[in-house]
Every structure is written in C-alpha cells, then in structure tokens.
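# Fold and contact review
Here's the letter readout for the chains.
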Amino acid sequence: MEIPEAAAPVGSFFPFFLLLACGTLVAALLGAAHRLGLFYQLLHKVDKASVRHGGENVAIVLRAHGVRFVFTLVGGHISPLLVACEKLGIRVVDTRHEVTAVFAADATARLSGTVGVAAVTAGPGLTNTVTAVKNAQMAHSPVLLLGGAASTLLQNRGALQAVDQLSLFRPLCKFCASVRRVRDIVPTLRAAMAAAQSGTPGPVFVELPIDVLYPYFMVQKEMVPAKPPKGLVGRAVSWYLENYLANLFAGAWEPQPEGPLPLDIPQAAPQQVQRCVEILSRAKRPLMVLGSQALLTPTPADKLQAAVETLGVPCFLGGMARGLLGRNHPLHIRQNRSAALKKADVIVLAGTVCDFRLSYGRVFSSSSKIIIINRNREEMLLNSDIFWKPQEAVQGDVGSFVLKLVEGLQGQTWAPDWVEELQEADRQKEQTFREKAAVPVAQHLNPVRVLQLVEETLPDNSILVVDGGDFVGTAAHLVQPRGPLCWLDPGAFGTLGVGAGFALGAKLCRPDAEVWCLFGDGAFGYSLIEFDTFVRHKVTGCHQGWAEISREQVPCLGSNVACGLAYTDYHKAAMGLGARGLLLSRENEDQVVEVLHNAQQQCRDGHPVVVNILIGRTDFRDGSIAV
C-alpha cells in the first residue's frame, strides 16, 4: 500500500511573505528618507529664520571665478541671483533679447579668458538662447548659461513656462545639471565652470529651479499649507512637504569651497612634438594656418605672437587668430590662400579644421605633409582619409604646442624666396582690390572703396565685430584688425545676429577701445533694438547691404525671391532708440572719411552711433557662396 507524501502546511508560507513585505516596506521607507534627506537633516539643520537665498550662493561662486559681468533679460525665476550679483559688485547687463545676452557672454569669454555668463528665465527665455549656445559650442567659447525653472515639486505637472530644458541643452552643452537643493548650488557651479574651460572649451548649462533661489520663508509660503490639514492623508502630505522643504534648505549656508577647480587642458605628447619638429626642419616651403583655438588660455596672446615671429614661417590667420601679428606684418599672408596651400610642402594646421573653410581638405596638394594640432580629436580628423591625410595628428593645446615647436626649432631658418613669393601674390591681389574700388557702381556707393576708407580710419585701439554673410567675407579681405584679440566673428556656425551681443561684450571688456561693428543689411535687422542697450555702453556701428544669397540665387535659379531688402533709414531708427545716426550715400560720397571721423568723435563723447552706408553691387566675391 503506497503512502502519499504529506502536503506542506499552508501556514509555513506566511512567515516568508511577511518577511518579504516587511523588507519591501523598509526599503521604501529608507528610499523616502533618502529622497527627503531625513538622515542629512539629523546633522545639518535648517535656519528657518534666515532671509538668505540661493541667489547669493550663485553670486559667491561667480565672484570667486573672476566673473565681472552677467548678461540677462530679467525674469521672476532668476531675480534673486541678479540681485545678489549686483550686491557683490558683479555688473548685471540687461539686453532686449536673450540671444543677445548669450552672444555678449560669448564675446566676454573670448576676450577675457574667463567664462562668460548669461542668466535667463525659464521656458521661452531659455529656448530663445539656443542659436547663441550652438554658436558658442562650434566656436569653442566657454559660456555658462544659468536658466530659471519651475519649482522642483511642480516640474512635469504643467507649471508655467515648464519644459524639459535639460533634454534641449544636452546636445549643445558639455555639462548640464539641474540643482535640486540649495546646498548643491556651489559644487554644481564649480564643476560647470571647470567643464566649460577644460578639454575643448564650450558652453555649459545649469538649471536653477525657483525654489532653490528664493528664501526659505517665501518658498514655505508657497509650498506648505498655512493651516494644519485634517485627516490622516492630509497630515501625511503636510509631513512630506515640510520635510521636502527642510531638505531643500538643510546645510544651505554652511561654508564650502567656492574657487575654481583644476582645469584639464590636454597637452601634446613630447614624442609627437619631436616628430613635428623633424618634419618642419626639412621643409622648403612651410606654411602655417592658425585658427581660433590658438588663442585659448593658458597661452597669452603676446607669447604666441612672439613664438610665431621667432618661428619665421609664413602664416594665414583665421577666426580669433586674426590680428595676432598686428597690421602689415611680413609673415602674415592675407590673400590667395588656396594657391599657397597647393604650393607648400609642409603645412601646420594650428587650431584649424578641414571643414568648408578649407574645402573639406581638397585645397591641399597630395604631396604636402600636413601637421594638425587641435584639442578635439573628432574635429582634428574631420574629412581625413577622404580628401586629405595628416602626417601627424596631435591632440593637445594649440598655443602650448606652438611654443614647444619653437623651442625645438631654435635657430632654424627658411629661404626668403618662399615668403617673398607669397608677399608678391598678396601685392598683386591687393592691386586688384584697388582697381575694383575705383569702378563706379550703378547705384549708391562702391562697398570695396567704403571698406578701404574704413580700414584707413580705424584707430590702433579698435575692436572689429563683423556680422553678416557676404559683407563679412568682403571685410575679411579688406579690413585688418590692429592686434591680437581685436576681431570677433561668429565662427564656424556663420550665425547672423551676433553683432549687438559681441559689440556689447567687447566694449565692457575693453572700455577704452573703439568698437566698430560692421553689419550686413540683413544682420543689422537682428541687432537694431539693442541700440537701446548701447545707449548705456558706447558702441560705434557701421552697416552695409545683404548681398550674398542673391548673388548666387539669381544666376543659378533665376529668382530673387526672399532676398530683396529695401534701403532703410536705420540711422533714424537708431536715433529713436537714443543713439546717434549718420547717413552716407551717393550725395555725400566725397565725405566718407569726414562722416566716419564725426562718428568716432560722437562715440568718444559717449554716444553709440549708426553710420548708415548705402552701397551698390560689385563682382568682388562672385562665385564664393559657402555651403
């Protein structure tokens, strides 16, 4: 007879399920305690009587990092940080559009060697900055964007101007963070400032929700019910909110390190530097192309200038490197770059990228040995093994590399006939410009002649800001910056509308300089309203006509659609905004120099000036559209 196995008693499962339930409950309670900072609050109390606010922590960090200006368009989300900056002596500069604030911060970063800072309000205030942030990313400008946000408790609940701001800026910024507690403001900002300047510099974004910026008593008023609720659920909710609030402010005012963190700046490997020295030492027709990265800190511009002069290699200068050698330096070759690159046997691309500006690398001869140095490996190798191939690709700081190159080539000289050949090509091209300047145009003034007169008028302490398409390309051929860090253009993104912000940042960084902003007609439309801002900041401006797209669209596609702009009385519009306005046209073409001198004097007297120059069309840059 078979005896069946005894079934397990049902009651034996109850202890297991009870243990599992208790464990889950304990884990949930511990998780809630962690989120509410209950353990942290045991050691770090909240000063409920304090009227201090998170904006003070923001200002303390900015001051410790040497920030002198914060550019903004005010909004309630960020008011505390603006007030705190003002109290600590950081100048708050308000603009008429958020994009101008970021462009101004970009210019400040380029000229000062520190991080440029812009603060804007939540939602549309932040979305208005996207173009300027992308421009800063592509130009390698260390910019800190501070953005307001809805209360931490109300995010993702349909609060006013609440959007997923971090997702929007992550593709544009090196570092993105949202501060969730007041005590986190200082370490988050320090990390952001270090990230902006380390490696390949670029923009960073820190989101500051409204409840981490305002004082305890104001946040408490909005977050916690004034009257104690009745019922178990109401009391539980009230308990949660009170502890959430306490966690926001626990340890908020305890001392923390505020100063800069160490920066991570890549340096070229000694072995690579030595190989580059050997390649360059054997060159007969060396050529150097310096780009904006060469002017990044920590190498001062004057040391880089001396190094390039000592090296003795003829060079082309682009981006922020324009003006590095001053005006009319014998090593600075300005014209016929493509032809020179075809003839050179060794080319050093120092902070220059093989993008559309170098025809993606197609301008090089297959027999040329190319040395490229860049902080960013991806940009350094752009289009390599397709149209060109580097002999040495060196990832590291450009300025430091050039200094080491000079050390390794001490006493090295090159035959003077190579430089003389390039200089003669320059002279021939400039003679062509003079001939074009003398050709009458059908209507208004010859833009080539006007720019030649601007070049002759610029003082030694001038800073040039160029904003436009065709006009920027023309000005780059005809107008020379007087020294290092005296030229500001958008960079690789080619953004229209940078002019007002760049001019504002430049004038604040160098108050003794004359800032000349050369606007194209279309670009000026983006900046006109900012003359309301310029009234407080003494900026000289000139504007020209929008011609680039029309020049190619009409012959190629047979239509001028969307390209036509009327000749507008911009000088009168500027006068309506409190600036001074002057007009140059065919009627007073013999007075161009006098009008420019008049503009200079009015600027010295404290007035921003618009010189509205009506220009005609020439064939100066036919066939040079960039795509």
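Quick look at the structure, then. All residue numbers refer to position in the chain's written sequence, counted from 1. Owing to the predicted nature of the model, reporting of local features is limited to residues with pLDDT of at least 70; listing and counting of side-chain atom pairs is limited to 80 or more, with chain, interface and lining totals taken over all residues. With hydrogens and water stripped out, all remaining heavy atoms of the structure feed into the side-chain values.

### Side note on the sheet that holds strand 7 (residues 286-290)
The criterion, for reference: One requirement defines pairing of two strands: DSSP has to find at least two bridges between them. Runs of H or I in DSSP of at least four residues are treated as helices and runs of E of at least two as strands, each being numbered from the N terminus. Axis definition: a line fit to C-alpha positions, over the contact stretch in the case of helices; interaxial angles, taken between N-to-C directions, run 0 to 180 degrees.
On the basis of which strands lie adjacent, the open sheet formed by 5 strands has the order 8-7-9-10-11 and parallel pairing. Each having just a single partner strand, strand 8 (315-317) and strand 11 (392-395) make up the two edges of the open sheet. Adjacent strand axes in the sheet meet at a mean angle of 10° when their direction is disregarded. As defined by bridge partners, strand 7 adjoins strand 8 across 3 bridges and the pair is classed as parallel. Bridge assignment links V289 to a residue of strand 8, and that residue is F316.

### Notes on the pattern of salt bridges
Quick reminder of the rule: Here a salt bridge means any side-chain nitrogen of Lys or Arg lying within 4 Å of a carboxyl oxygen belonging to Asp or Glu. Residue burial is assigned from relative accessible area. The probe radius is 1.4 Å, only protein chains are included, and a residue is buried under 20% of its type maximum, exposed over 50%, and partly exposed in between.
Enumeration over the complete set of coordinates arrives at 15 salt bridges. Among the ionic pairs, E56 bridges to R52, the shortest N-O distance being 3.0 Å. Taking the relative accessible area as the measure of exposure, R52 reaches 29% and is therefore partly exposed. Residue R110 is joined to D106 by a salt bridge in which the shortest nitrogen-to-oxygen separation is 2.7 Å. With R110 and D106 both in helix 5 (residues 98-112) and 4 residues apart, this pair spans about one turn of that helix. The exposure class of R110 is buried, given its relative accessible area of 12%. The buried category is assigned to D106, whose relative accessible area is 0%. Where salt bridges share partners, they join R327, E455 and R482 into one cluster.

### Some thoughts on the packing of helix 13 (residues 301-311) against helix 16 (residues 398-408)
Convention followed: It is the rotation of the near helix from the far one that decides the hand of a crossing: anticlockwise by less than a right angle makes it left-handed, clockwise makes it right-handed. The contact definition used throughout considers only heavy atoms, calling two residues in contact when any of these lie within 4.5 Å. Residues were grouped as follows: Ala, Val, Leu, Ile, Met, Phe, Trp, Tyr, Cys and Pro as nonpolar; Asp, Glu, Lys and Arg as charged; and all remaining residues, including Gly, as polar.
Taken N-terminus to C-terminus, the directions of helix 13 and helix 16 make an angle of 35°; their axes are 9 Å apart at the nearest point. Crossing hand, helix 13 versus helix 16: left-handed. Judged by residue contacts, K303, L304, A307, V308, T310 and L311 of helix 13 engage G399, V402, L403 and V406 from helix 16. Tallied by class, the residues present in the contact of helix 13 with helix 16 amount to 7 nonpolar, 2 polar and 1 charged.

### Describing the pairing of strand 17 (residues 609-613)
Look at any regular strand and the pattern is simple: side chains alternate between the two faces of the sheet. For the record, the criterion: Consider the strands pointing away from the viewer: the crossover is right-handed when the path from the first strand over the helix to the second runs clockwise.
Extensive coverage of strand 17 is indicated by the burial of 5 of its 5 residues. Of the two faces of strand 17, the one lined by V609, V611 and I613 and the one lined by V610 and N612 are each fully buried. With 5 bridges connecting them, strand 16 (residues 580-584) and strand 17 associate as parallel partners. Note on strand 17: the bridge partner recorded for R580 is V609. Taken together, strand 16, helix 25 (residues 592-604) and strand 17 form a β-α-β motif whose crossover is right-handed.

### Remarks on helix 17 (residues 416-437)
As a reminder of what qualifies: Helix span, expected: 1.5 Å multiplied by one less than the number of residues in the helix. This arc is built from the directions going out from the helix axis to the C-beta atoms.
The terminal C-alpha atoms of helix 17 lie 32 Å apart, and with 22 residues this matches the ideal 32 Å at 1.5 Å per residue to within 8%. Residues W418, V419, L422, D426, F433 and A437 constitute the buried set of helix 17. Angularly, the buried residues of helix 17 cover 100° about the axis, an arc narrow enough to put them on a single face. Of the exposed residues in helix 17, the ones pointing more than 90 degrees away from its buried face are P416 and D417.

### Some points on the nonpolar core
Heads up, the condition is: Here the nonpolar core consists of buried residues drawn from Ala, Val, Leu, Ile, Met, Phe, Trp, Tyr and Cys, with membership extended through side-chain atoms lying within 4.5 Å.
If you look at the biggest cluster of nonpolar residues, it comprises 85 residues, and the most contacted ones within it are F71, L145, L280, L290, F401 and L488. For this core, the leading source of residues is helix 5, giving 8 residues. With sequence-adjacent residues up to four places away left out, L280 is seen in contact with P286, L311, V346, V348, L405, L409 and W414. Of all hydrophobic cores here, the second largest spans 42 residues; its members include V61, I78, I185 and V224.

### Quick notes on a negative patch on the surface
The cut-off we apply is this: Excluding any residue in a salt bridge, patches collect residues exceeding 30% relative accessible area, merging like charges within 9 Å and nonpolar Val, Leu, Ile, Met, Phe, Trp and Tyr side chains within 5 Å. Accessible areas in this description were obtained via Shrake-Rupley with a 1.4 Å probe; residue shielding takes into account the shown protein chains only. Positive: Lys, Arg. Negative: Asp, Glu. His and the chain ends are not part of the count. To locate a charge, take atom NZ for lysine, CZ for arginine, CG for aspartate or CD for glutamate.
Taken together, E587, E589, D590 and E594 make up a surface patch of like negative charges. Considering the arrangement of structural elements, one finds E589 in the loop between strand 16 and helix 25. A relative accessible area of 45% places E589 in the partly exposed class.

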